[in-house]
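For reference, the chains in residue letters:
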There are 2 protein chains.
Amino acid sequence: MNNEKRYTQVIEKLRAVGLRPTRQRIALAGLLFDGTDKHVCAEDLHRDVINADSPVSLATVYNTLHQFTDAGLLREIVISAGRSYFDTNVSDHHHFYFETDGGLEDINSDEVVVTQLPTPPKGQKISRVDVVVRVSED
Amino acid sequence: MNNEKRYTQVIEKLRAVGLRPTRQRIALAGLLFDGTDKHVCAEDLHRDVINADSPVSLATVYNTLHQFTDAGLLREIVISAGRSYFDTNVSDHHHFYFETDGGLEDINSDEVVVTQLPTPPKGQKISRVDVVVRVSED
DNA sequence: GTGATTGCAAATCTTTTGCACTAAA
DNA sequence: TTTAGTGCAAAAGATTTGCAATCAC
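Since we're looking at a predicted model, the values are computed, not measured. (Residues numbered from 1 in each chain as written. Chains lettered and ligands numbered in written order. Predicted model: local features only at pLDDT ≥ 70, side-chain atom pairs only at ≥ 80, totals over all residues. Heavy atoms only, no water.)

Participant: Before we go on, may I ask you to explain the protein's contact with DNA strand D in this structure?
Facilitator: By nearness alone, 22 residues border DNA strand D, and A:Thr22, A:Gln24, A:Thr60, B:Tyr62 and B:Arg83 come closest of all. The contact in question runs from a phosphate oxygen of DNA strand D to an N or O atom on the side chain of A:Thr22, over 2.5 Å. Within the side chain of A:Thr60, an N or O atom sits 2.5 Å from a phosphate oxygen of DNA strand D. Breaking the surface near DNA strand D down by element, the ones donating at least two residues are α2 (23–32) and α4 (58–70) of chain A together with α4 (58–70) of chain B. Looking at the surface near DNA strand D element by element, the count peaks at five residues for α4(B). (Near = heavy atom within 4 Å. Polar contact = N/O pair within 3.5 Å; in protein donor to acceptor, adjacent residues only side chain to side chain. Helix = DSSP H or I, 4+ residues; strand = E, 2+ residues; numbered from the N terminus.)

Printed below as a string of structure tokens:
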């Protein structure tokens, strides 16, 4: 796919969720939604966007990650205290967490089967079930 | 159970995991391991121990929570960025997370049945499977 | 005594916020 | 124009750390 087409697609993606396609959002969305699933934290993405010669402030990276999350374009994952990761894969799936190095890896939803779930407390409904398979060195 | 007996038990519990029964650890362990399962964060526990007339610094509360976790007396739960909770229930179980107020509640392990798990990557073994059932208002 | 533990205050790190400036519609 | 979005620097939290004083053994 050529650059012009990707650029147009990113703009459409932003408009589709009601976000103005500003230079900063276009740059960040271009890095995030390149067709591959990734887990990024704010610092990573800030570094990448600077390296791509599109200066965006760290505050804007944070704001944008949350706007994208609210818009359903990203999913926030919290595993280790004091750092949030954002997953570009927003479909139903789970994660391996590597205790040794803190890394994350997707698990397809068909590889984890949860056959029984508790009834949520009265007045509450299940919005999501997160399964984290923690692994360590053998 | 009388106070003297509980005091002795707490000291034994600390010695059993190789931690010196200092005044601070005894006070914190006494609050944590009272027989009921609880989820506490450092600030909560610090407030409680101060209220119980056993002054312990916040730094020591943090250090102690991690020492207890390393010793297998507590389990750390990270759900929302920027705050860790510690669970006094270290047996196999899962959690409800209330998105509305950030609250946590235990789910007995027999209420969640995971019938299929992925094979861990080569050289890795599964150390734990955490299931978080996120619920929101109906 | 001697090595482990603690408290304090400062440092660190991530994330959020207020507000003047800039850009999209 | 008009309103949304951005950048900066400062603030806000949570957690960690260095080091001298204190305590358990």
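Participant: How do you make sense of the sheet that holds strand β1 (residues 39–40) of chain B when you look at a structure like this?
Facilitator: Picture the strands of a sheet paired through backbone hydrogen bonds; they go either parallel or antiparallel. Residue and element names in this part refer to chain B. As summarised here, the arrangement of the three strands in space is β1-β3-β2, forming an open sheet in which the pairing is antiparallel. Of all the strands in the sheet, just β1 and β2 (75–78) have a single pairing partner and so form its edges. In terms of strand pairing, β1 meets strand β3 (residues 84–87) through two bridges, oriented antiparallel. Bridge assignment links histidine 39 to a residue of β3, and that residue is aspartate 87. (Pairing = 2+ DSSP bridges.)

Participant: How should I be thinking about the interface of chain A and chain B in this particular structure?
Facilitator: Each partner contributes residues to the interface: chain A has 40 residues there, and chain B has 40 residues. For the chain A and chain B pair, buried surface summed over both sides reaches about 3300 Å², with 53% attributable to carbon and sulfur atoms. When the buried area of chain A at its contact with chain B is split by residue, A:Pro118, A:Gln124 and A:Arg134 rank highest and sum to 16% of it. Our count for the chain A to chain B interface comes out at two salt bridges. A:Asp130 serves as the salt-bridge partner of B:Arg134, at 4.0 Å between the closest nitrogen and oxygen. Taken together, chain A and chain B are joined by 18 residue pairs in polar contact (both at pLDDT 80 or more). Here the side of chain A that touches chain B takes 14 residues from strand β7 (residues 124–137) of chain A, the largest share from any one element. Along the lines of polarity and charge, the residues of the side of chain A that touches chain B split into 19 nonpolar, ten polar and eleven charged. Examined bridge by bridge, strand β6 (residues 113–116) of chain A and strand β6 (residues 113–116) of chain B share three bridges and lie antiparallel to one another. From the neighbouring strand, A:Val114 faces β6(B), where its bridge partner is B:Val114. (Contact = heavy atoms within 4.5 Å. Buried area = accessible area lost by both parts, 1.4 Å probe. Salt bridge = Lys/Arg side-chain N within 4 Å of Asp/Glu carboxyl O. Nonpolar A, V, L, I, M, F, W, Y, C, P; charged D, E, K, R; others polar.)

Participant: Explain the environment of B:Arg23 here, please?
Facilitator: Residues and elements named next belong to chain B. Within the fold, arginine 23 resides in helix α2 (residues 23–32). Judged by its relative accessible area of 45%, arginine 23 falls in the partly exposed class. Along the sequence, arginine 23 and valine 56 sit 33 residues apart, while their C-alpha atoms lie 9.0 Å from each other. The residues touching arginine 23, leaving out its near neighbours within four places in the chain, are Ser54, Pro55 and Val56. A polar atom in the side chain of arginine 23 sits 3.1 Å from the backbone oxygen of proline 55. (Buried < 20%, exposed > 50% of the residue type's maximum accessible area, 1.4 Å probe, protein only.)

Participant: I'm lost on the layout of surface pockets in this one. Help?
Facilitator: Rolled over the atoms, a probe with the dimensions of a water molecule shows which regions are left empty. Computed from the structure, the largest pocket encloses a volume of approximately 740 Å³. Mapped onto the lining of the largest pocket, the elements with two or more residues apiece are β2 (75–78), β4 (93–98) and β7 of chain A together with β2, β4 (93–98) and β7 (124–137) of chain B. When grouped by side-chain class, the residues that make up the lining of the largest pocket number 15 nonpolar, seven polar and eleven charged. What the second largest pocket holds in volume is close to 270 Å³. As for the second largest pocket, its lining consists of A:Asn3, A:Arg6, A:Tyr7, A:Val10, A:Arg23, A:Ile26, A:Ala27, A:Gly30, A:Leu31, A:Val49, A:Ala52 and A:Ser54. (1 Å grid on protein atoms, 1.4 Å probe; cavity = no way out; pocket = protein on both sides within 12 Å on 5 of 7 lines; lining within 4 Å. Points joined across faces, edges and corners; volume = space filled by probe spheres on them.)

Participant: Help me out: how do you make sense of the relation of the copies chain A and chain B in this one?
Facilitator: Relating the two copies of this chain is a rotation about some axis coupled with a shift parallel to it. If you rotate chain A by 179° and push it 0.0 Å along the axis, it lands on chain B with an RMSD of 0.1 Å. The superposition operator between the copies reduces to a two-fold rotation axis. The share of interface residues of chain A whose copies in chain B are also at the interface is 100%, consistent with both copies meeting through the same surface. (Least-squares fit on C-alpha atoms with pLDDT ≥ 70 in both.)

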